[in-house]
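The primary structure of each chain is shown beneath.
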Amino acid sequence: TLSLHDALPIFQYRASTIARTETREAYNNGAADNFRSMDVEDVEIMDGSGLGDICDEENGEIVSIDEFLARSADRHPNCTIGAAPVLMGEGEGE
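Residues numbered from 1 in each chain as written. Predicted model: local features only at pLDDT ≥ 70, side-chain atom pairs only at ≥ 80, totals over all residues. Heavy atoms only, no water.

## Here's the deal with the overall build of the protein
Secondary structure summary: the protein contains three helices and three strands in total. Each helix and strand of the protein, ordered N terminal to C terminal, gives the series α-β-α-β-α-β. Carbon and sulfur atoms form 55% of the exposed surface of the protein, whose accessible area is close to 6400 Å². (Helix = DSSP H or I, 4+ residues; strand = E, 2+ residues; numbered from the N terminus. Areas by Shrake-Rupley, 256 points an atom, 1.4 Å probe, with all protein chains shown as cover.)

So this is what it looks like as structure tokens:
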């Protein structure tokens, strides 16, 4: 049986994970609202852990705001996915 004293680091880690994940979601939803208010339609996914996982594969991908939010909500705990707005003319040589 694990004593409360021994379990405390586990509880602290779990609390940090929850806070980090919820903060990411709040930040990404707020960013999406701001992008929409500026008539931005697409965003570039900003992520990449360097671990060769799905985060690295999607880093730099351009998707709609709705697709970004769906992917953000479906991430692993502690994920650092974010997005940058794709402005008109970007990537078109203008």
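From this point, things continue past the structure.
## Comments concerning the sheet that holds strand β3 (residues 82–85)
A sheet is described by the order of its strands in space; here three strands give the open sequence β2-β1-β3, paired in antiparallel fashion. Single-partner strands in this sheet number two, and they are β2 (62–64) and β3. Direction aside, neighbouring strands of the sheet carry axes that sit 45° apart on average. Bridging between strand β1 (residues 42–46) and β2 involves three bridges; their strand directions are antiparallel. By the bridge assignment, glutamate 44 is partnered in β2 with isoleucine 62. (Pairing = 2+ DSSP bridges. Axes fitted to C-alpha atoms, helices over the stretch in contact; angles between N-to-C directions.)

## Brief notes about the nonpolar core
Phe35, Val43, Ile65 and Phe68 are the most contacted members of the largest nonpolar core, which has 14 residues in total. At the level of elements, α1 (4–37), β1 and α3 (65–73) are the ones that each hand at least two residues to this core. With sequence-adjacent residues up to four places away left out, isoleucine 65 is seen in contact with Ala32, Phe35, Arg36, Val40, Glu41 and Val43. (Core = buried A, V, L, I, M, F, W, Y, C linked by side-chain atoms within 4.5 Å. Buried < 20%, exposed > 50% of the residue type's maximum accessible area, 1.4 Å probe, protein only. Contact = heavy atoms within 4.5 Å.)

## Quick look at α1
In this model α1 runs 48 Å from its N-terminal to its C-terminal C-alpha over 34 residues, within 8% of the 50 Å that 1.5 Å per residue would give. Along α1, the residues classified as buried are Ala7, Thr17, Thr21, Arg24, Glu25, Asn28, Ala31, Ala32 and Phe35. If you follow the buried residues of α1, they end up packed against β1, α3 and β3. Positive phi shows up at aspartate 39, right after α1, with a value of about 60°. (Expected span 1.5 Å × (residues − 1).)

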